[in-house]
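These are the residues of each chain, in order.
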Amino acid sequence: MNADGGTQEQWARTAMFTASEVEAQTGVAAATLRQWERRYGFPRPIRNTSGYRLYSPQDIRDIGIMQGHQRLGVSARLAAELTLRGVSADSSGPPPARQQLPPPAQPPSPIRSGVQSAELAHALARALIAADYAQAGDVLAEAHARLPVEDVMTHVMSPSLVEIGALWARGEITIAHERGASHYLRSRLSALMEVAGVEENREGGWGPLVVAACAPGEQHELGLMMLTLALRRRGVRVAYLGANVPLGDLTTFAHEREAQALLLAVNGDWALQDWATGEWIDGRWVPDKSATATDATAGGLAAISRQPILQRLGLPVFLGGALMNVRPELAAELGGLYAGPDAPTAATMISSALGHRSGIARLEVSPSQSEPHDSEPQGEDL
């Protein structure tokens, strides 16, 4: 049982990755995955409502095990058999005696037709309010089977949080309900971020590195986690630091890692109160002891010497979050760049601004195209 109340097995077997995503993460071509499936009964993706294969984190882990066997010179057929029997490539001694392979996993029951993302979001909110994390896991599993990962974030998870926040604001639930829901979704996003956290992009080169953190005083990190996931899925490397990171420490860390940019989440005015100012000079952070970023003007922004605070960090800074969405002009006043209103839009903007070619493409499937059971999409819907 996880701390979030769900089971690790439930998450590991949730189908959520397209064949192209699996190819990007493992290096195994989509055509090879289909060949393995036909010949050896492995891996075992499910089909979504459009007929396309979706793979789970467990599938990705097992593909890695099979690759390990093959690197040791084991044939593909025996490697698949050993993988299905749970034998890892680093197990000592000879392979165990042949035994009957487990039966193929039963396909999940068909997803109800007509279920829209808004209904899934409401169902998720109700499950989280009731602290029924098993039901919440079932709702998210259904969402992942119907929708691309980023649509699950923006059209299911985010609206459920908005609904829960509104109920808390009206006094219909307690802060404990809201914290429980946030903790559960944080754990789910964290697991997805880990799976997507590859170091190399699909062309084999190094993608740009972005350091992501919540601004000083900012504790709300779920939106930043969603954006981090969206960036990683595009091959952008992201060092995620979490909530309430002092500006000087963030800048020092980013320069030490030779990052190409910073990403800051700012959800409310409270996150503008503790921006102790300074500047990156000659390889170190030099603080201003006499000023803070909110000293002094009618608009609440600082009268900072020389240039806006974010232009003094030695790196481009992208700004996102609820406050930026309401007041996008604030980004330029602070010396940063407004990322965009949601995770997919912001990820595309940041990736483009850094000159990074995304490995994820949008695919439009028309009725005249081949039957999906006989072919795979060459990209993915975001």
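The name given to the chain in an unreviewed UniProt entry is DNA-binding transcriptional MerR regulator, with Deinococcus humi as the source organism.

K.L.:
Would you take a moment to explain the environment of G320 for this structure?
P.N.:
Residue placement: G320 occurs in strand β8 (residues 317–320). Sequence-distant contacts of G320, defined by excluding residues within four places in its chain, comprise L264, A265 and V266.

K.L.:
What's the story with the pairing of β8 in this structure? I'm lost.
P.N.:
Side chains V317 and L319 project from β8 onto one buried face, and the interleaved F318 and G320 project onto a second face that is buried too. Here strand β5 (residues 261–265) runs beside β8; their pairing, made up of 4 bridges, is parallel. Following the sheet pairing, L263 is matched in β8 by F318. Where β8 meets strand β9 (residues 337–338), 2 bridges bridge the pair, whose relative direction is parallel.

K.L.:
Would you mind showing me how to read the pattern of salt bridges here?
P.N.:
A side chain of one charge can pair with a side chain of the opposite charge if their charged atoms are brought near each other. Tallying each qualifying case throughout the model produces 10 salt bridges. Across the pair R170 and E172 runs a salt bridge, and its minimum N-O distance is 2.8 Å. The residues R170 and E172 share a single accessibility class, namely exposed. A network of salt bridges, in which partner residues are shared, links E150, R233 and R234.

K.L.:
I tried to follow the sheet that holds β8 on my own but got confused; where do I start?
P.N.:
The pairing of strands in a sheet comes from backbone hydrogen bonds and takes either a parallel or an antiparallel form. Strand order in the open sheet formed by 5 strands is β4-β3-β5-β8-β9, and the pairing between neighbours is parallel. The strands lining the two open edges of the sheet, one partner per strand, are β4 (237–240) and β9. As judged from the 4 bridges shared by strand β3 (residues 209–214) and β4, these two strands associate in the parallel manner. Within the sheet, the bridge partner assigned to V210 lies in β4 and is V238. Strands β3, β4 and β5 of the sheet are contacted by helix α10 (residues 222–232), whose axis makes an angle of about 155° with β4. The sheet contacts of helix α14 (residues 343–353) involve β5, β8 and β9, and relative to β8 the element is tilted by about 170°.

K.L.:
Whenever I open this one, helix α8 (residues 149–169) confuses me. Can you help?
P.N.:
Working note: α-helix, 3.6 residues per turn, so residues spaced by three or four point in the same direction. In a regular helix each residue adds 1.5 Å, so 21 residues correspond to 30 Å; α8 covers 29 Å between its end C-alpha atoms and thus fits that length. Taken as a whole, α8 has its buried residues at V149, E150, D151, V152, M153, T154, V156, M157, S160, I164 and L167. For α8, the secondary structure elements touched by its buried residues are α6 (117–129), α7 (133–146), α9 (175–196), α10 and α14. Of the residues one or two after α8, G171 is the one with positive phi, at around 80°.

K.L.:
Just checking my understanding: could you explain the packing of aromatic side chains for this structure?
P.N.:
Within a pair of aromatic rings, the relevant descriptors are the distance that separates the centres and the angle that separates the planes. Applying the stated criterion across every chain, the model contains 2 aromatic pairs. Their ring planes at 20° and their centres at 6.4 Å tell us that W36 and F42 sit as a pair that is stacked. Relative accessible area serves as the criterion here: at 5%, W36 is assigned to the buried category. Taking 5.3 Å as the distance between ring centres and 15° as the angle between the ring planes, the aromatic pair formed by Y133 and Y184 counts as stacked. Of the two residues, Y133 sits in helix α7 while Y184 sits in helix α9, which places them 51 residues apart along the sequence. Among the residues examined, Y133 registers a relative accessible area of 18% and is labelled buried. Looking at Y184, the relative accessible area reads 1%, which means it is buried.

K.L.:
Please explain the confidence of the model for the chain as it appears in this structure.
P.N.:
Caution is warranted with low-pLDDT regions, since their predicted coordinates should not be read in detail. Looking at the chain, pLDDT values average 77 and 74% of them are 70 or higher. In this model residues 358–382 is a low-confidence stretch, pLDDT under 50, and it forms 46 contacts with partners more than four residues away in sequence or in other chains.

K.L.:
Is there a simple way to think about the packing of α7 against α9 in this case?
P.N.:
Packed helices, taken two at a time, are described by their axes: the angle between them and the distance between them. At a minimum axis separation of 12 Å, α7 and α9 run at an interaxial angle of 45°. As judged from the angle between their axes, α7 and α9 are oblique. Here α7 runs over α9; the crossing is right-handed. Of the residues in α9, those in contact with Y133, A136, G137, L140 and H144 of α7 are G180, Y184, L185, R188 and L192. Classifying every residue of the contact of α7 with α9 by side-chain character gives 6 nonpolar, 3 polar and 1 charged.

Parameters and conventions
Residues numbered from 1 in each chain as written. Predicted model: local features only at pLDDT ≥ 70, side-chain atom pairs only at ≥ 80, totals over all residues. Heavy atoms only, no water. Helix = DSSP H or I, 4+ residues; strand = E, 2+ residues; numbered from the N terminus. Contact = heavy atoms within 4.5 Å. Buried < 20%, exposed > 50% of the residue type's maximum accessible area, 1.4 Å probe, protein only. Pairing = 2+ DSSP bridges. Salt bridge = Lys/Arg side-chain N within 4 Å of Asp/Glu carboxyl O. Axes fitted to C-alpha atoms, helices over the stretch in contact; angles between N-to-C directions. Expected span 1.5 Å × (residues − 1). Phe/Tyr/Trp six-rings, centres within 6.5 Å; stacked < 30°, edge-to-face > 60°. pLDDT = per-residue confidence, 0-100. Parallel < 35°, antiparallel > 145°, perpendicular 65-115°, else oblique. Left-handed = near helix turned anticlockwise from the far one by under 90°. Nonpolar A, V, L, I, M, F, W, Y, C, P; charged D, E, K, R; others polar.

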